[in-house]
Amino acid sequence: MINRTVLIGRLTKEPDLRYTNSGTAVASFTLAVNRQFTNSDGEREADFINCVIWRKAAENFANFTHKGSLVGIDGRIQTRSYENQQGNKVYVTEVVVENFSLLEPKSHSDSDRQSNNKTPSINKQASSDPFAGSNPIDIDEDDLPF
């Protein structure tokens with residue numbers, strides 16, 4: 001049997017990080033995933049998928065994401081049920097996340113926060129290129145191994 005889910009979407013709100021009685025971290029969040037087609041009005045709709053992530057990955061996810069973050073997740077669909085306070089049985093379907101990827105650079109996701117805090121921006125283009133400002137290297141064809 002195969003139960004594999006891969007999604008790319010944006011967080012609808014901050015992840016909700018909690019701890020079980022035994023101290024295990026668990027974070028729940030909702031991922032908005034755009035549909036590939038438009039509706040009859042020409043608008044693109046989205047599905048809102050409930051997700052849960054456990055242990056250290058939950059803590060990392062909560063620390064490095066926020067509302068609006070673009071993330072990719074890999075996991076499995078799980079269904080469960082419980083009885084609520086009124087005695088009704090409630091069914092839940094969610095994605096149990098096994099791996100995730102942050103799909104935007106930190107500088108992009110923090111740009112709104114920086115502009116609100118008026119923090120000076122750093123030119124990361126120049127600092128991220130290790131060959132910036134270096135002189136060209138003269139290589140003779142006889143030195144090449146191929």
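For clarity, every value in this text was computed on a predicted model and none was experimentally measured.

Undergrad: I'd like a description of the nonpolar core, backed by residues and values.
TA: Membership of the largest hydrophobic core comes to 15 residues, with the highest contact counts inside it found for Phe-29, Leu-31, Cys-51, Ile-53, Ile-73 and Val-97. Of all elements in the fold, only β1 (5–11), β3 (25–38), β4 (44–54), α1 (55–64), β5 (70–83) and β6 (89–102) reach the threshold of two or more residues within this core. Among the elements that line this core, the one with the most residues is β3, at 5 residues. Not counting residues within four places of it along the chain, the set of residues in contact with Ile-53 comprises Ala-25, Val-26, Ala-27, Phe-29, Ala-58, Phe-61, Val-97 and Phe-100.

Undergrad: A description of the environment of Gly-23 should follow, citing residues and the corresponding values.
TA: Examined against the element boundaries, Gly-23 turns out to sit in the loop between β2 (16–19) and β3. Taking the C-alpha atoms as reference points, Gly-23 and Arg-55, separated by 32 residues in sequence, lie 9.1 Å from one another.

Undergrad: Which residues make up the pairing of β4, and what values go with them?
TA: By the bridge criterion, 10 bridges tie β3 to β4 in an arrangement that is antiparallel. Across the sheet, the residue bridging to Ala-32 is Phe-48, located in β4. Across 3 bridges, β4 lies against β6 in parallel orientation. Bridge pairing links Cys-51 to Val-95 in β6.

Undergrad: Give a detailed account of the packing of aromatic side chains, specifying residues and quantitative values.
TA: Scanning the entire structure with this criterion turns up 2 aromatic pairs. Summarising the aromatic geometry, the rings of Phe-29 and Phe-61 are spaced 4.4 Å apart at their centres and angled 25° between planes, so their arrangement reads as stacked. In this pair, Phe-29 is assigned in strand β3 and Phe-61 in helix α1, connecting sequence segments 32 residues apart. Comparing Phe-29 with Phe-61, the two get one shared label, buried. Where Phe-61 meets Phe-100, the ring centres are 5.0 Å apart and the plane angle is 90°; that geometry is what we call edge-to-face. Residue Phe-61 is located in helix α1, and its partner Phe-100 is located in strand β6; the two are separated by 39 residues in the primary sequence. Grouped by ring-pair contacts, the aromatic residues Phe-29, Phe-61 and Phe-100 constitute a single cluster.

Undergrad: Before we move on, can you summarise α1 with the specific residues and values?
TA: Of the positions making up α1, those classed as buried are Ala-58, Phe-61 and Ala-62. All buried residues of α1 fall inside an arc of 95° around its axis, so they share one side. Seen from the buried face of α1, the exposed residues on the opposite side, beyond 90 degrees, are Lys-56, Asn-63 and Phe-64. Those residues of α1 hidden inside the fold are in contact with β1, β2, β3, β4, β5 and β6.

Undergrad: Run through the side chain of Ser-69, naming residues and quoting values.
TA: Checked against the element boundaries, Ser-69 lands in the loop between α1 and β5. Within the local environment of Ser-69, its side chain forms a polar contact with the backbone oxygen of His-66, the two atoms lying 2.9 Å apart. In contact with Ser-69, other than residues within four places in its own chain, are Gly-9, Arg-10, Leu-11 and Glu-104.

Undergrad: Which residues make up the pairing of β1, and what values do they have?
TA: As paired strands, β1 and β5 are joined by 6 bridges and run antiparallel to one another. Counted as the bridge partner of Gly-9 is Val-71 from β5. Pairing of β1 with β3 involves 2 bridges; the strand directions are antiparallel. Note that in β3 the partner of Leu-11 across the bridge is Leu-31.

Undergrad: Would you mind going over unusual backbone geometry in detail, with residue names and values included?
TA: One non-glycine residue, Arg-55, lies in positive phi territory at about 60°. Arg-55 gets classed as exposed once you look at its relative accessible area, which sits at 58%.

Parameters and conventions
Residues numbered from 1 in each chain as written. Predicted model: local features only at pLDDT ≥ 70, side-chain atom pairs only at ≥ 80, totals over all residues. Heavy atoms only, no water. Core = buried A, V, L, I, M, F, W, Y, C linked by side-chain atoms within 4.5 Å. Buried < 20%, exposed > 50% of the residue type's maximum accessible area, 1.4 Å probe, protein only. Helix = DSSP H or I, 4+ residues; strand = E, 2+ residues; numbered from the N terminus. Contact = heavy atoms within 4.5 Å. Pairing = 2+ DSSP bridges. Phe/Tyr/Trp six-rings, centres within 6.5 Å; stacked < 30°, edge-to-face > 60°. Arc of directions from axis to C-beta. Polar contact = N/O pair within 3.5 Å; in protein donor to acceptor, adjacent residues only side chain to side chain.

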